[in-house]
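The chain contents come next:
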Amino acid sequence: MSATLGRPSTAPRDRALRLELTLQRPLLWGSGVVAALLLLAAIGQFARLGNVLILLAVSVPVAAAPRDPAREGWLSGTLGISRAARVRARVRVVLFTQLGLLLAAAVVILVGPQGGGGDPATLGRVSAGGLSLPVPTLAYWQDVVIWASAAVWSHIWVGRDALHDASTAMWARALASYLGMYVVVTAVTFGVRMLPLALGALLGREPVAGPAQEYPAVLAGAAVFGAGLLVLRWRSRAWAQAA
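Residues numbered from 1 in each chain as written. Predicted model: local features only at pLDDT ≥ 70, side-chain atom pairs only at ≥ 80, totals over all residues. Heavy atoms only, no water.

**Student:** Even after reading the chapter, I still don't get the overall build of the chain, so can you show me in this structure?
**Tutor:** Scanning the chain from terminus to terminus reveals nine helices and two strands. If you list the helices and strands of the chain from N to C, you get α-α-α-α-α-α-β-β-α-α-α. The proportion of buried residues among the 243 residues of the chain is 37%. Of the contacts formed within the chain by residues at least 6 apart in sequence, a portion of 75% connects residues at least 24 apart. Counting only carbon and sulfur atoms, one obtains 68% of the accessible surface of the chain, whose full area is about 13,300 Å². (Helix = DSSP H or I, 4+ residues; strand = E, 2+ residues; numbered from the N terminus. Buried < 20%, exposed > 50% of the residue type's maximum accessible area, 1.4 Å probe, protein only. Contact = heavy atoms within 4.5 Å. Areas by Shrake-Rupley, 256 points an atom, 1.4 Å probe, with all protein chains shown as cover.)

**Student:** So what exactly am I meant to see when it comes to helix α7 (residues 138–162) here?
**Tutor:** It helps to recall that an α-helix has 3.6 residues per turn; residues three or four apart then point in one direction. For α7, with 25 residues, the first-to-last C-alpha span of 35 Å sits near the 36 Å given by 1.5 Å per residue. Remark: the principal bend of α7, roughly 40°, maps to isoleucine 156. The element α7 is largely enclosed, with a buried count of 18 among its 25 residues. (Expected span 1.5 Å × (residues − 1). Bend = angle between axes of the 7 residues up to and from the residue.)

**Student:** Mind showing me how you'd approach the packing of helix α2 (residues 25–43) against helix α3 (residues 50–63) here?
**Tutor:** Any two packed helices are characterised by the angle at which their axes cross and by the distance between the axes. Put simply, α2 and α3 touch, their axes get as near as 11 Å, and they point 175° apart. Compared by their axis directions, α2 and α3 come out roughly antiparallel. Contact residues: α2 offers Leu27, Ser31, Val34, Ala35 and Leu38, while α3 offers Val52, Leu53, Leu56, Val60 and Ala63. (Axes fitted to C-alpha atoms, helices over the stretch in contact; angles between N-to-C directions. Parallel < 35°, antiparallel > 145°, perpendicular 65-115°, else oblique.)

**Student:** Where do I start with the side chain of glutamine 24 in this structure?
**Tutor:** In this structure, glutamine 24 sits in the loop between α1 (2–23) and α2. One polar contact links glutamine 24 to glutamate 20, side chain to side chain, over a distance of 2.8 Å. (Polar contact = N/O pair within 3.5 Å; in protein donor to acceptor, adjacent residues only side chain to side chain.)

**Student:** Please clarify how the confidence of the model for the chain should be interpreted in this entry.
**Tutor:** Detailed conclusions should not be drawn from predicted coordinates in areas where pLDDT is low. Of the residues in the chain, 80% reach a pLDDT of 70 or more, and the chain-wide mean stands at 83. Here residues 1–9 is modelled with pLDDT under 50, and outside its nearest four sequence neighbours on either side it reaches one contact, counting other chains as well. (pLDDT = per-residue confidence, 0-100.)

Here is the structure:
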């Protein structure tokens, strides 16, 4: 009985998600192929092109805009899918596509030819059980949380208009918002990184360097990333209500 009563509320959402996955199949396949090729290039030590995947993630909200609004509207009406359900499904598909591309970019940057060879900016070593194991450095994680946060916040700034606009101006706006947020998040992490030095100077102690600076910066970047996900969820609800 409870399962039967639950169907009306979940079925439209599931139909909207399935329709969106079908409509975005070229984008999903294209993103997957590019990510796979760049991962292979990085693992094979041919090239480290993580920036390509980051920019691709930034462009996903615009690339997912309707290519044939009339046809998509007809399909939604035929399947009994409301505009609000379509918006929620699109935001969900776009976000998970972005996160997948950002994860692939992080791996490419880590294992690519400049990172896989022990570049101190991305890989360090830690001793465990008599073994020297390669591990990502704090500088690497700080870089990751900066561009990942910038990409998520860029989605927030362009997401609503990108639901129905894939013009050149919108592509430029997505890139500009990413670059702007990259500067903002970099400034935030840099400010947090300088806090131990400022506190040391204020208390008359020796300047603190190393992990004492890096850990707060990484945590601050991660907090900005998490805040971006929460704000995007909140904004997507507003977009759905206004659809």
